[in-house]
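A closer look at the structure
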Amino acid sequence: MNVQFVDLKAQYLSIRDEILEAIQAVMGSTAFAGGPFVEQFEKEFAEFCRSPYAIGVGSGTEALWLALKTLGIGEGDEVITVPNTFIATAEAISFCGATPVFVDVDDKTYTMDPEKLEDYLKIRRGKTGSPNRLKAVVPVHLYGQMADMDPIMEIARAYDLFVVEDACQAHWAEYKGRRAGSIGDAGCFSFYPGKNIGAYGEAGAIITKDPVMTERIRTLRDHGQTARYYHETIGWNARMDGLQGAVLSVKLRHIYNWNNARIKNARFYDELLSDVSGALTPKKGHDRTHVFHIYAILVQNRDALIAWLKKRDIHCAIHYPVPVHLQAAYGFLDLGKGAFPVSEKCAQEVMSLPMFAELTENQMRGVVDGIKEFTQKKQGS
Ligand SMILES: *Cc1c(COP(=O)(O)O)cnc(C)c1O
């Protein structure tokens, strides 16, 4: 049985006519870089996130970078995030000229542990001699589930830190009825093709409640210009393509159905896996809606299991095999093994099962049967 990790073609075929119509509209009006299709999507996306403003940019990485930059993060500053994330979270901090500082995740949701955040800040406050360059906290809403935002916000405010939510995997996830990205000073989204709302290319967005910040980001993403060829500050080209804006507007109409299908699929996996010993299924935090960008389980012998399934044409993935603090790129931070045990355990044992809206029950049965055969073979040998 063939089961892809994500099947973007199945989704495309289900909305083909709408997409082609939207693309034709862009071609007909030649609004390719920024323009009315991006503006229209920004309006719709802001509403969807229950946030007053949304700004379309070129990628999720750019969204994070521009949000931090606009909040004034720069050379010599430090920004707290988690090691259990995609590298882009840390890269955005580094691209501002700042240094990422890590606190570990909790062992249930694998998102930022507020207690560890507070412990770290207490230690830092106690230290004298070095000026406090800590400026912001970037919690990551991993796999489609938001971090524990109430205590994170409370701690951040007590220490005078900005909060930028990395919501790149969490379109429409909720925490106590509030949408991902809408709680902190800014929320950053990716529309990389495989995300819950994916462009047909690269795209991202920032949401915020702050009109001044919105204007600054709009200026920065467009070469720092306030009028054509009048450049107020040094900016960058970080605009969203018109084609992506139009495609994303179409896809936004379907996101509720797609996310609900993911949630239903996750429940089905939970059920099927309930009698498989040694497979730890995802846990949802209190008062949260998990939109299952990734359905990740923890198992021993992860690599052998993935290879076993691959022989059966079932394709899994690993998010992520190396925590950020152990990446070669961040070797200069000198954070060795053992620094963040929960993140390191995740990196060793986590595997992501095929997950997308169009996945069938039969395919999910195939995946779990493969896992069962593997564990039985192991017990028998
Ligand atoms: C995808 C992702 C990003 C980066 O988004 P791009 O659009 O690929 O630049 C950042 N953070 C997390 C957690 C992501 O999953």
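Residues numbered from 1 in each chain as written. Predicted model: local features only at pLDDT ≥ 70, side-chain atom pairs only at ≥ 80, totals over all residues. Heavy atoms only, no water.

**Regarding the overall build of the protein**
- Scanning the protein for helices and strands turns up 13 helices and 14 strands.
- Taken over C-alpha atoms, the radius of gyration comes to 21 Å for the protein, in line with the 21 Å a tight globule of 381 residues would show.
- Taken over the C-alpha atoms alone, the protein extends approximately 70 × 60 × 35 Å along its principal axes.
- For the protein, the residues scored as buried account for 56% of the 381 residues in total.
- The long-range share in the protein, meaning contacts at least 24 apart out of those at least 6 apart in sequence, stands at 71%.
- Surface exposure of the protein reaches about 16,900 Å², of which carbon and sulfur atoms provide 52%. (Helix = DSSP H or I, 4+ residues; strand = E, 2+ residues; numbered from the N terminus. Rg over C-alpha atoms; globule rule 2.2 N^0.38 Å. Buried < 20%, exposed > 50% of the residue type's maximum accessible area, 1.4 Å probe, protein only. Contact = heavy atoms within 4.5 Å. Areas by Shrake-Rupley, 256 points an atom, 1.4 Å probe, with all protein chains shown as cover.)

**Remarks on the UniProt feature "modified residue: N6-(pyridoxal phosphate)lysine" (unreviewed entry) in the protein**
- Those places that UniProt annotates as "modified residue: N6-(pyridoxal phosphate)lysine" (unreviewed entry) correspond, in this numbering, to K195.
- Among the secondary structure elements, K195 is positioned in the loop between β8 (186–190) and β9 (204–208).
- The class for K195 is buried, based on a relative accessible area of 16%.
- Residues within four places of K195 in sequence aside, it is in contact with C168, H171, S190, R262 and H293. (UniProt positions renumbered as here; feature names shortened; annotations may be inferred.)

**A word on helix α9 (residues 242–252)**
- With 10 of its 11 residues buried, α9 lies for the most part within the structure.
- Within α9 the residues assigned to the buried category are G242, Q244, G245, A246, V247, L248, S249, V250, K251 and L252.
- Here the buried face of α9 lies against α1 (8–14), α2 (16–29), α3 (36–49) and α10 (255–273).

**What to know about the domain arrangement of the protein**
- Domain annotation of the protein identifies domain 1 (8–103 + 110–252) and domain 2 (255–380).
- Between the C-alpha centres of domain 1 and domain 2 the distance comes to 25 Å.
- The partner domain 2 presents 36 residues to the 42 residues of domain 1 that form the contact.
- Approximately 3,400 Å² of surface area, both sides summed, lies buried where domain 1 meets domain 2, with 61% of it carried by carbon and sulfur atoms.
- If you look at where domain 1 meets domain 2, you find 0 salt bridges.
- Our count for the contact surface shared by domain 1 and domain 2 stands at 21 residue pairs in polar contact (both at pLDDT 80 or more).
- Mapped onto the side of domain 1 that touches domain 2, the elements with two or more residues apiece are α1, α5 (88–95), β3 (99–102), β6 (174–175) and α9.
- For the side of domain 1 that touches domain 2, the class distribution of residues is 21 nonpolar, 13 polar and 8 charged. (Domains from an automatic or database assignment. Buried area = accessible area lost by both parts, 1.4 Å probe. Salt bridge = Lys/Arg side-chain N within 4 Å of Asp/Glu carboxyl O. Polar contact = N/O pair within 3.5 Å; in protein donor to acceptor, adjacent residues only side chain to side chain. Nonpolar A, V, L, I, M, F, W, Y, C, P; charged D, E, K, R; others polar.)

**Quick word on the nonpolar core**
- In this structure, F45, F191, Y269, L273 and L353 are the most contacted members of the largest nonpolar core, which totals 88 residues.
- The greatest single-element share of this core, amounting to 7 residues, is contributed by α10.
- If you count residues domain by domain, this core takes at least three from each of domain 1 (8–103 + 110–252) and domain 2 (255–380).
- Listed in part, the 25 residues of the second largest apolar core include I55, W65, L66 and A186. (Core = buried A, V, L, I, M, F, W, Y, C linked by side-chain atoms within 4.5 Å.)

**Describing α5**
- Residues of α5 that are buried: A88, T89, A90, A92 and I93.
- Those residues of α5 hidden inside the fold are in contact with α4 (60–70), β2 (78–81), β3 and β5 (162–166).
- Looking one or two residues beyond α5, the residue adopting positive phi is G97, at roughly 95 degrees.

**Remarks on the pairing of strand β4 (residues 134–137)**
- In terms of strand pairing, β2 meets β4 through 3 bridges, oriented parallel. Looking at the pairing, I80 lines up with V137 of β4.
- The sheet contact formed by β4 and β5 spans 2 bridges and is parallel. Residue pairing in the sheet places V137 in a bridge with V163 of β5. (Pairing = 2+ DSSP bridges.)

**So, the site of the ligand**
- Taken together, 15 residues surround the ligand, and among them G60, T61, Q169, S190 and K195 come closest.
- Take G60: an N or O atom from its main chain is 2.8 Å from an oxygen atom of the ligand.
- Burial of the ligand by the protein chains amounts to 93% of its free accessible area of 380 Å².
- Mapped onto the shell around the ligand, the elements with two or more residues apiece are α4 and α5.
- Here the shell around the ligand gets 3 residues from one element, more than from any other, and that element is α4. (Near = heavy atom within 4 Å.)

**Describing the environment of W258**
- Checked against the element boundaries, W258 lands in helix α10.
- Considering only alpha carbons, one finds W258 and E215, 43 residues apart in sequence, at a separation of 32 Å.
- Setting aside anything within four residues of it in sequence, one finds W258 in contact with Q11, I15, N196, K251, A357 and E358.

**Remarks on the packing of aromatic side chains**
- Using the criterion set out here, one finds 16 aromatic pairs in the structure.
- Among the aromatic side chains, those forming a connected cluster through ring pairs are F41, F45, F48, W172, F189, F191 and Y256.
- The ring of F48 has R179 lying over it, and the distance from NZ or CZ to the ring centre is 5.7 Å.
- Above the ring of W308, the side-chain terminus of R312 is found at 3.6 Å from the ring centroid. (Phe/Tyr/Trp six-rings, centres within 6.5 Å; stacked < 30°, edge-to-face > 60°. Lys NZ or Arg CZ within 6 Å of the ring centre and 35° of its normal.)

**Quick word on the packing of α4 against helix α8 (residues 211–220)**
- Between α4 and α8, whose axes approach to 10 Å, the crossing angle comes to 125 degrees. Relative to α8, the element α4 is oriented oblique. Crossing handedness for the pair α4 and α8: right-handed. Counting all contacts with α4, which are made through L66, A67 and T70, the residues of α8 involved are M213, R216, I217 and L220.
- Looking at side-chain class alone, the contact of α4 with α8 contains 5 nonpolar, 1 polar and 1 charged residues. (Axes fitted to C-alpha atoms, helices over the stretch in contact; angles between N-to-C directions. Parallel < 35°, antiparallel > 145°, perpendicular 65-115°, else oblique. Left-handed = near helix turned anticlockwise from the far one by under 90°.)

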